[in-house]
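# Coordinate analysis (summary)
Next come the chains, spelled out residue by residue.
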Amino acid sequence: MNKANSLKTPSNAWSIEQSEQIYRVNRWSNGYFEIGENGNLHAIPRYDQPKLKIDLREIIDEMSSMGIQFPAVIRFHDILRSQVELLNKTFRHTIEEAQYEGKYLGVFPVKVNQMREVIEEIVSAGARFDYGLEAGSKPELIAALAYNTNKNSLTILNGYKDEEYLRLALLGLKINRKIVIVIEKFTELVKLVELAKELNVKPVIGLRVKMMVKGRGKWESSSGERAKFGLSIAEIINAVTLLEKEGFEDSIKLLHFHIGSQLTDIRAIKEAVQEASIVYTQLIKQGVPLQYVDVGGGLAVDYDGSQSTNDSSCNYSLEEYVSDIVYGFKQSCDLAGVPHPNIVSESGRAMTAHHSCVVTKVIGEIQPNGKKFNTNKATGEHIIVSNMRELESDLTTDNFHETYNDIAQLKEQALSAFKLGIFTLEELAKIETMYWRILNNIQSHLHDLDFIPEELNDISEMLSSQYLANFSVFQSAVDSWAIDQVLPIVPISRLNEKPTKQCSLVDITCDSDGKIDKFIGDETVAKNIPLHKLIDNEDYFIGLFLTGAYQDVMGDMHNLFGRLNEVHIVSYDDDPKDFYIEEVIKGSSVEHVLSTMQYTPAIMAQMIKKEIDKQIQRGKIKPREGVHLIDFYEDCLNGYTYLK
Ligand SMILES: *Cc1c(COP(=O)(O)O)cnc(C)c1O
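Residues numbered from 1 in each chain as written. Predicted model: local features only at pLDDT ≥ 70, side-chain atom pairs only at ≥ 80, totals over all residues. Heavy atoms only, no water.

What follows concerns the side chain of Arg 46. Residue position: Arg 46 is located in the loop between strand 2 (41-43) and strand 3 (54-55). Taking relative accessible area as the criterion, Arg 46 reaches 10% and is therefore assigned buried. In this structure, Arg 46 is in contact with Asp 78, Arg 81, Ser 82, Glu 85 and Ser 571, ignoring residues within four places of it in sequence. (Helix = DSSP H or I, 4+ residues; strand = E, 2+ residues; numbered from the N terminus. Buried < 20%, exposed > 50% of the residue type's maximum accessible area, 1.4 Å probe, protein only. Contact = heavy atoms within 4.5 Å.)

So, in structure tokens, the structure goes:
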């Protein structure tokens, strides 16, 4: 045996910079999160107060002391405010710099996060910018009517509309809201004209144009000739003619387009602005009194921090996005000699993604090589077992590759021997134990090699553990399951310690799809994430980040887990910890989720009570125990749906 290359225990020295390389917090967090010197994850919720830092571990400790169970949503209201301010300020700054003559009047699309507290915070933060709301359905319109109280901000109405929807919109106009009804389908226009005459109001009308340019990414079918929404150029001309004929020609105020969400490539935006600006200038020249262009949503979030055209990323910044819109319209309008329109945008994802995260505990580990067996030499053992033992003792960094091939072959031979009945169960158990132990040994010393043969790279995947986390993918990270969205996952603590386990995450639903196996990787998406070894009697918290857009509100009731407990964090400089918990919202109780499926919990408790009473009469259960059992059932009905 070559002593020079004998195997030493690898050093565990670790820095937070090394953790940053793995979890890329600075790359995806937009500056709102960072790894702190103490190895805990910190939030920096105000873009204009970089010194104000909140230790997430302190939030979790405070929640625990209040008896709030996990998983839970942590919502940073300051991040929401920061994003709304940054968007509006960037537009204002760029407009000034470009000497653009129109204004920016953005709206927040309610569908991206309909939570009342989110809407209230956005409306409040946007008040000084006259930032409004966008609704895409009747219930969203009803919410927007009640909450968008700023008389100077817009309420943009998209989505398919029936008569009731249109009547609600006209009601909004009567209470002086700046409502714009965007026509998605020609027949909506016919109905609108009829109702406007009946109610004697002058509607403000937007026309959604079906764009030729394709968005890039998952939502590219939102545009193009086969798009579900919007009017073709022919229909737009017909719409203008119809409105002129009915005496509503001065109602056409806005031109709308939306080529898809999460636009990964800035070129799609440039092309869309170009196409829309031509339609705009031509309509103006025909005498249509347009005042606004609405560029829709699509401003992307760099979930994986790669700044690329990956589906979960984007190759541009907010500044670039805004510049391309402002300068794009300015150039086309100046060339055509028409006035610059006011600009509306409907960014939802970019406004809300960063402000909320899901925090949960890892509650167990499922290992591929979980079982250990005594591998000591036994008299008369099979030669395959002896050979395996020899390979184990002769392992050095010089023969990793060779040993890797040899043990794979031995394992196969052992299986064949077992099937032929010439190998005992004990011998097979020894082979398995030694096989996994050798793989582990190779894996932990791989970095000692100058060159890692490609085959050996498979070892880390073979050895990866599944960490069982107390949450439901279908409730909290539905896009991870549905569309392979990558969401950043980061341990909350121990970031100054080397994460020695390669893991994928499984949730507590009894669905084999209930797992996360797509993580931020070096170049492409990784199947595993390095996490820390679990320590007995010590909680290991992980966070799922960027869940504030869509994920927060799209979750479903798979396995009846329901909504999570939730805390709302507000930063507060005078507090020693820089924050306080403004509000606690209880997640779904078992009772609640059962009621949504037509159960009546009170009757269910009675049914159980009857059964228990029967057993008491038969003497099988003592009366005192019976009372405890009924109480226990009722407590569980009242309790949280997730694991305790
Ligand atoms: C969904 C949607 C939006 C929001 O898009 P984001 O990509 O989240 O910004 C905006 N406008 C319309 C019409 C939409 O359908």
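Counting 148 residues, the largest nonpolar core has Phe 33, Phe 76 and Phe 545 as its most contacted members. Among the elements that line this core, the one with the most residues is helix 10 (residues 266-285), at 10 residues. Three or more residues apiece are contributed to this core by two domains, here domain 1 (1-75 + 354-368 + 464-587) and domain 2 (102-347). Sequence-distant contacts of Phe 545, defined by excluding residues within four places in its chain, comprise Trp 28, Phe 33, Leu 41, Leu 56, Ser 356, Cys 357, Leu 487, Pro 488, Val 490 and Ile 492. Leu 391, Ile 438, Leu 456 and Leu 463 belong to the second largest nonpolar core, which has 25 residues in total. (Core = buried A, V, L, I, M, F, W, Y, C linked by side-chain atoms within 4.5 Å. Domains from an automatic or database assignment.)

With that settled, the discussion passes to the site of the ligand. The environment of the ligand is made up of 16 residues, and the closest members are Lys 111, Ser 261, Glu 346, Gly 348 and Tyr 550. Between the ligand and Lys 111 there is a distance of 2.7 Å, counted from an oxygen atom to a side-chain nitrogen or oxygen. Coverage of the ligand by the protein amounts to 93% of the 380 Å² it exposes when considered alone. Classifying every residue of the shell around the ligand by side-chain character gives 3 nonpolar, 8 polar and 5 charged. (Near = heavy atom within 4 Å. Polar contact = N/O pair within 3.5 Å; in protein donor to acceptor, adjacent residues only side chain to side chain. Areas by Shrake-Rupley, 256 points an atom, 1.4 Å probe, with all protein chains shown as cover. Nonpolar A, V, L, I, M, F, W, Y, C, P; charged D, E, K, R; others polar.)

Relative to the assigned elements, Met 604 resides in helix 21 (residues 601-617). Along the primary structure Met 604 and Leu 263 are separated by 341 residues, whereas in three dimensions their C-alpha atoms are 49 Å apart.

A few words on the state of the cysteines. Per the stated rule, a full pass over the model turns up 0 disulfides. No disulfide involves Cys 503; its nearest neighbouring cysteine sulfur is the one of Cys 357, lying 20 Å away. Judged by its relative accessible area of 0%, Cys 503 is buried. (Disulfide = S-S within 2.5 Å.)

Looking now at the packing of helix 14 (residues 400-419) against helix 15 (residues 425-445). Where helix 14 contacts helix 15, the axes come no closer than 10 Å and their chain directions differ by 165°. Here helix 14 lies roughly antiparallel to helix 15, going by the angle between them. The two elements helix 14 and helix 15 meet at a crossing, and its hand is left-handed. Of helix 15, the residues touching helix 14 (which contributes Phe 400, Thr 403, Tyr 404, Ile 407, Ala 408, Lys 411, Ala 414, Leu 415 and Phe 418) are Leu 425, Leu 428, Ile 431, Tyr 435, Ile 438, Leu 439, Ile 442 and His 445. Partitioned by chemical class, the residues of the contact of helix 14 with helix 15 number 14 nonpolar, 2 polar and 1 charged. (Axes fitted to C-alpha atoms, helices over the stretch in contact; angles between N-to-C directions. Parallel < 35°, antiparallel > 145°, perpendicular 65-115°, else oblique. Left-handed = near helix turned anticlockwise from the far one by under 90°.)

Now for the pairing of strand 6 (residues 132-135). With 3 bridges connecting them, strand 5 (residues 107-109) and strand 6 associate as parallel partners. Across the sheet, Pro 109 pairs through a bridge with Glu 134, a residue of strand 6. Two strands pair when backbone bridges link them, and strand 6 and strand 7 (residues 154-157) are joined in this way by 3 bridges, in the parallel orientation. Across the sheet, the residue bridging to Ala 135 is Leu 157, located in strand 7. (Pairing = 2+ DSSP bridges.)

Strand order in this open sheet of 8 strands is 5-6-7-8-9-10-11-12, and the pairing throughout is parallel. Among the strands making up the open sheet, the edge pair consists of strand 5 and strand 12 (342-344). Averaged over all pairs of adjacent strands, the angle between their axes in this sheet comes to 25°, without regard to strand direction. Pairing analysis gives 3 bridges linking strand 8 (residues 178-183) to strand 9 (residues 205-208), with the strands arranged parallel. Considered in strand 9, the bridge of Ile 181 is made with Ile 205.

Residue placement: Asp 55 occurs in strand 3. Within the buried set, Asp 55 has no salt-bridge partner at all; the shortest N-O distance to an opposite charge, 6.9 Å, is to Arg 57. Here Asp 55 is in contact with Asn 38, Asn 40, Leu 41 and His 42, once residues within four sequence places are set aside. (Lys, Arg positive; Asp, Glu negative; His and termini not counted. Salt bridge = Lys/Arg side-chain N within 4 Å of Asp/Glu carboxyl O.)

Before going further, it helps to spend a moment on the domain arrangement of the protein. Segmenting the protein into domains produces domain 1 (1-75 + 354-368 + 464-587), domain 2 (102-347), domain 3 (383-440) and domain 4 (592-638). One C-alpha centre belongs to domain 1, the other to domain 3, and the line joining them spans 38 Å.

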